[in-house]
Amino acid sequence: MALMIRDVCSLHYPNNLSKTETHEKEGQILKFGCSKGHGNEKLRVISASGSKNNSKSIDTINGKKINGVHVEEYPHLGQRGNVVIVKSTELGSSSSNHSYLLGNFVDDRFVYRQSFVIRSYEIGPDKTATMETIMNLLQETALNHVANSGVGSNGFGATREMSLRKLIWVVTRIHIQVEQYSSWGDVVEIDTWVDAAGKNGMRRDWIIRDSNTHNIITKATSTWVIMNRETRRLSKIPEQVKAEVQPFYINRSAIPTAQIDSDKIEKLNDETAQIISSGLAPRWSDMDANQHVNNVKYIGWILESVPINVLEDCNLMSLTLEYRRECRLSNVLQSMTTLREIETATSDENGGIRGTECTHLIRMEADRAEVVRARSIWQPKQ
């Protein structure tokens, strides 16, 4: 039997206790309070001990906003204490949803910063965040950057002038370098910013820090172009759109140009591919708001043709994706991979550390049209 909750503040406990209800379990008391008025709705978990003295202002709880929640010494984050959660559709006249639920601008508003906690459903078999999780967090931060910038529209990451012209952003290339994968409960802090990429492109970079050590654990860079959402054709950036985004451009790179994987990715075929996985069909849940397969979904299809011993015994340290064409719900795909040994790093004691480089291709099964070329670098787990 399913229970649908339309309004948390309309729940009624025994004896019609609709405002506040106290539950006791194994010596702990959890209090829920609801209030309504002038269109506002608030849910507040005061504490895990039942004492109001443990609650704090949402502006002072550990000084961090994580996934829209202020967190104070939560056990799953490797600390001790209680958690205070405050959810509201309106936090007073001087505070907006965006300023509360999202991140904030730093470096004179050129850089957007947001924090996340790694959820249990975002980790893989080795109990660390997956590459798909990293890509999703990068994408979420980028979208929130646009939404909070003041130029965002109802479009999915589009500016107002883009929406008027039925234009959307599409990624053509993304390169990610991972130094360390986060574990369940870790908190990460992501910075993102943009710059011009040629005459008709935009570059977006990211860095991810571990919130405890403040060490940079991931770097990423990407290139974006504009496409008409109806004709599905690429477009030049209109001057009106340039005027919107150029004030946010900053000449800064997460990855130095010399370190960017700029080598041409080889196109695989039936003869050069060592492994071919066929019959990969997009699902409805793979589609994004722009009516094509979400760019993150291709990572899972790429891994379909990676040998299981590589997946189990190695860490994915670098990934480059080059997007060639859209994929729709009706398409059926093939994933192709070839592997070779390489020297991925140096060690004073043991010389070079041997790793594996994989070249990948996602193509249409029907007409063999390219969808995504990719390259991945793997290092043995320590």
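These numbers were taken from a predicted model, which means no experiment stands behind them.

Engineer: Looking at this structure, I do not really get the pairing of strand S15 (residues 314–323). What am I missing?
Structural biologist: Two faces belong to every sheet, and in a regular strand the side chains alternate between them. For S15, the buried fraction is high: 9 of the 10 residues fall into the buried class. Sheet topology note: the strand S9 (residues 167–178)/S15 ladder contains 5 bridges and is antiparallel. Bridge pairing links Ile 174 to Leu 321 in S15. Inspection of the sheet shows S15 paired to strand S18 (residues 370–380) by 9 bridges, in the antiparallel sense. Bridging from a neighbouring strand, Ser 318 pairs with Ile 377 of S18.

Engineer: Before we go on, may I ask you to explain the layout of surface pockets in this structure?
Structural biologist: A water-sized probe rolled over the atoms picks out the places where empty space is left. In this structure, the largest pocket spans a volume of roughly 630 Å³. Taken together, 36 residues make up the lining of the largest pocket; nearest its centre are Trp 169, Val 170, Val 171, Trp 224 and Val 225. For the lining of the largest pocket, the secondary structure elements donating two or more residues are helix H2 (131–149), S9, strand S11 (202–210), strand S12 (216–228) and helix H4 (239–245). Ranked by residues supplied to the lining of the largest pocket, first place goes to H2 with 6 residues. Per-class residue counts for the lining of the largest pocket are 20 nonpolar, 10 polar and 6 charged. For the second largest pocket, the calculated volume is near 430 Å³. Lining the second largest pocket are 18 residues, with Pro 125, Asp 126, Thr 130, Leu 303 and Leu 311 sitting closest to its centre.

Engineer: I keep staring at the packing of aromatic side chains and nothing clicks. Help me out?
Structural biologist: Any aromatic ring pair is given by two values, namely how distant the centres are and how the planes are angled relative to each other. For the structure on display, the rule yields 3 aromatic pairs. Ring centres 5.2 Å apart and planes at 70° place the aromatic pair Phe 105 and Tyr 112 in the edge-to-face group. As far as burial versus exposure is concerned, Phe 105 and Tyr 112 are alike and both buried. Note on Tyr 298 and Tyr 323: the rings are 5.8 Å apart at their centroids and 65° apart in plane angle, and the pair reads as edge-to-face. Here the residue Tyr 298 occupies a position in helix H5 (residues 297–303), and Tyr 323 occupies one in strand S15, the gap between them amounting to 25 residues. Summarising the burial analysis for this pair, Tyr 298 and Tyr 323 share the class buried. Members of the aromatic cluster, connected to one another through ring pairs, are Tyr 298, Trp 301 and Tyr 323.

Engineer: Explain the confidence of the model for the protein here, please?
Structural biologist: Close inspection of predicted coordinates is inappropriate for parts of the model with low pLDDT. Scored by pLDDT, the protein has a mean of 79; 70% of the residues are at 70 or more. Confidence drops under a pLDDT of 50 for residues 1–101, and excluding neighbours within four residues, the segment shows 146 contacts in the predicted structure.

Engineer: Whenever I open this one, the pattern of salt bridges confuses me. Can you help?
Structural biologist: Oppositely charged side chains may form a pair once their charged atoms are brought near each other. For the structure on display, the rule yields 22 salt bridges. Where Lys 242 meets Glu 239, a salt bridge forms, and the shortest distance between an N and an O atom there is 3.7 Å. Pair noted here: Lys 242 and Glu 239 are both in helix H4, with a separation of 3 residues, about one helical turn. Classification of Glu 239 as exposed rests on a relative accessible area of 57%. Residues joined in a network through salt bridges with shared partners are Arg 113, Glu 189, Asp 191 and Arg 209.

Engineer: Explain H2 here, please?
Structural biologist: Two residues of an α-helix separated by three or four positions point the same way, owing to the 3.6 residues in each turn. With 19 residues, H2 ought to run about 27 Å at 1.5 Å a step, and its terminal C-alpha atoms sit 27 Å apart, in line with that. In terms of burial, H2 is a largely internal element, 14 of the 19 residues being buried. In the segment just after H2, Gly 150 is the residue with positive phi, at about 95°.

What counts and how
Sequence positions are assigned chain by chain, starting from 1 and proceeding in written order. The predicted nature of this model means local features are confined to residues of pLDDT at least 70 and side-chain atom pairs, given and counted, to a pLDDT of 80 or more, with totals for whole chains, interfaces and linings taken over all residues. Each side-chain value is worked out from all heavy atoms of the structure, with water and hydrogens disregarded. Per-residue accessibility, obtained with a 1.4 Å probe over protein chains only, is compared with the maximum for each type, and a residue is labelled buried under 20%, exposed over 50%, and partly exposed between these values. Labels follow the DSSP assignment, with helices taken as runs of H or I lasting at least four residues and strands as runs of E lasting at least two, numbered in each case from the N terminus. Two strands qualify as a pair provided DSSP detects at least 2 bridges between them. Here a cavity means grid points, on a 1 Å grid over the protein atoms only, where a 1.4 Å probe fits yet cannot get out; a pocket means an open set of points with protein on both sides within 12 Å along at least five of seven lines; lining residues are those with an atom within 4 Å of a point. Grid points are joined across faces, edges and corners, and a volume is the space filled by probe spheres set on the points. Nonpolar residues are Ala, Val, Leu, Ile, Met, Phe, Trp, Tyr, Cys and Pro. Charged residues are Asp, Glu, Lys and Arg, and all others, Gly as well, are polar. Here a pair means two rings of Phe, Tyr or Trp (six-membered ring of Trp) with centres within 6.5 Å. Their orientation is stacked below 30 degrees between planes, edge-to-face above 60, and tilted elsewhere. Confidence scores labelled pLDDT are given residue by residue by the predictor and lie between 0 and 100. It only takes one pair of heavy atoms within 4.5 Å for two residues to be counted as in contact. In the sections that follow, a salt bridge refers to a side-chain nitrogen of Lys or Arg positioned within 4 Å of a carboxyl oxygen of Asp or Glu. The length a helix should cover is 1.5 Å for every residue beyond the first.

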